[in-house]
Amino acid sequence: MNPVTSGTWDGFEGAYYTGFGSMELIWLLATMALLARQGGASTTVRLAPSDCVPLTDCRPAIAAAVAKCRESGGPCSVLLTSGDYRVSCPEGVSRPSMAQTEHPAVSLHGVSGLTFGGDGSGPRPQLLIDYTGGGCAAITIADSADVTVRSLRIDPYRLPFTVGSVISASATVVRIR
């Protein structure tokens, strides 16, 4: 029965009868599915400098938080509170390239929908990268999608080099100024 001529018009039947209900329903369902994925429960992992064990290296705590996000499969945030996070380069790894990106201090590899950085509650947190042992990249991102790094300061804990003049040298002592 034609709802327009029979006087039984309702919005859904009329829209479907006039051709607005065939493909539009598919688009509506697809949009709802995308919104449900975007608006789904997100995981938040909060870290404070005191969560790092040992306090002299936060790399394991940060790696565990990123792994938790990777396992969640959905939107996830690793939020650092204000403070200093001392992060070491991985030990015992040869670094063949000048870019030194193969073994970073913080690896954001294989994640999707990740936000990494400060929680916005105060001064920006600071990653202090300890460059001893050959150095490494501070943060690398690879094989990932929708990754945001925000509100974060990165600085060396100790520099991988020094500047000075050799003022004397012997077989056992080098004096540098």
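Here the structure is a predicted model, which means the values were calculated and not measured.

Chemist: Please set out a nonpolar patch on the surface residue by residue, giving values where relevant.
Modeler: On the surface, Val166, Val174 and Ile176 cluster together into a nonpolar patch covering about 290 Å² of accessible area. With a relative accessible area of 52%, Val174 lands in the exposed category.

Chemist: Can you explain helix α4 (residues 59-72)? Please cite residues and give values.
Modeler: With 14 residues, α4 ought to run about 20 Å at 1.5 Å a step, and its terminal C-alpha atoms sit 20 Å apart, in line with that. Restricting attention to buried positions, one finds in α4 the residues Ala61, Ile62, Ala65, Val66 and Cys69. All buried residues of α4 lie within an arc of 135° about the axis, which places them on one face of the element. The secondary structure elements touched by the buried residues of α4 are β1 (43-47), β2 (76-80), β3 (84-88), β4 (106-109), β5 (114-118) and β6 (126-130).

Chemist: Describe the packing of aromatic side chains, listing the residues and the values that go with them.
Modeler: Under the criterion given, the structure shown has zero aromatic pairs. In this structure, Arg86 packs its charged tip against the face of Tyr157, placed 3.7 Å from the ring centre.

Chemist: Please give an account of the nonpolar core that cites residues and values.
Modeler: Ile62, Val78, Phe116, Leu127 and Ile129 are the most contacted members of the largest nonpolar core, which has 27 residues in total. Elements with a contribution of two residues or more to this core: β1, α4, β2, β3, β4, β5 and β6. With five residues, α4 is the largest single contributor of residues to this core. For Phe116, the contacting residues outside a window of four places in its chain are Ile62, Val78, Leu80, Val106, Leu108, Leu127, Ile139, Thr148, Val149, Arg150 and Leu152.

Chemist: How would you explain the state of the cysteines if you had to name every residue and give the values?
Modeler: Under the criterion given, the structure shown has three disulfides. For Cys69, the disulfide goes to Cys76, at an S-S distance of 1.9 Å. Negative torsions about the S-S bond denote left-handed disulfides, and the value of about -55° found for Cys69 with Cys76 makes this one left-handed. Its relative accessible area of 2% is what places Cys76 among the buried residues. A sulfur-sulfur distance of 2.1 Å marks the disulfide that ties Cys89 to Cys136. Handedness of the Cys89-Cys136 disulfide follows from its S-S torsion of about -80°: it is left-handed. You can see Cys89 sitting in the loop between β3 and β4 and its partner Cys136 sitting in the loop between β6 and β7 (139-142), a full 47 residues away along the chain. When sorted by exposure, Cys89 lands in the same class as Cys136, which is buried.

Chemist: If you had to explain the sheet that holds β2 to someone new, which residues and values would you point to?
Modeler: A sheet is described by the order of its strands in space; here four strands give the open sequence β1-β2-β5-β8, paired in parallel fashion. In the strand order of this sheet, the two ends are held by β1 and β8 (148-150), each with one partner. Put simply, the sheet's adjacent strands are angled 10° from each other on average, direction ignored. In the packing of α4 onto the sheet, the strands contacted are β1, β2 and β5, and the crossing angle to β1 comes to about 175°.

Chemist: Which residues make up unusual backbone geometry, and what values go with them?
Modeler: The phi dihedral of Asp146 is positive, around 55°, even though this residue is not glycine. The phi dihedral of Ser151 is positive, around 45°, even though this residue is not glycine. Structurally, the position occupied by Ser151 is in the loop between β8 and β9 (153-158). According to the relative accessible area criterion, Ser151 is partly exposed, its value standing at 35%.

Chemist: Requested: an account of the side chain of Ser88, with residues and values cited.
Modeler: Of note, Ser88 is situated in strand β3. Among the polar contacts made by the side chain of Ser88, one reaches the side chain of Asp57 at a distance of 2.6 Å. Every residue in contact with Ser88, bar those within four places of it in the chain, is listed here: Asp57, Arg59, Ala105 and Asp130.

What counts and what doesn't
- Residues numbered from 1 in each chain as written.
- Predicted model: local features only at pLDDT ≥ 70, side-chain atom pairs only at ≥ 80, totals over all residues.
- Heavy atoms only, no water.
- Patch = residues over 30% accessible without salt bridge, like charges linked within 9 Å, V, L, I, M, F, W, Y side chains within 5 Å.
- Areas by Shrake-Rupley, 256 points an atom, 1.4 Å probe, with all protein chains shown as cover.
- Salt bridge = Lys/Arg side-chain N within 4 Å of Asp/Glu carboxyl O.
- Buried < 20%, exposed > 50% of the residue type's maximum accessible area, 1.4 Å probe, protein only.
- Helix = DSSP H or I, 4+ residues; strand = E, 2+ residues; numbered from the N terminus.
- Expected span 1.5 Å × (residues − 1).
- Arc of directions from axis to C-beta.
- Contact = heavy atoms within 4.5 Å.
- Phe/Tyr/Trp six-rings, centres within 6.5 Å; stacked < 30°, edge-to-face > 60°.
- Lys NZ or Arg CZ within 6 Å of the ring centre and 35° of its normal.
- Core = buried A, V, L, I, M, F, W, Y, C linked by side-chain atoms within 4.5 Å.
- Disulfide = S-S within 2.5 Å.
- Pairing = 2+ DSSP bridges.
- Axes fitted to C-alpha atoms, helices over the stretch in contact; angles between N-to-C directions.
- Polar contact = N/O pair within 3.5 Å; in protein donor to acceptor, adjacent residues only side chain to side chain.

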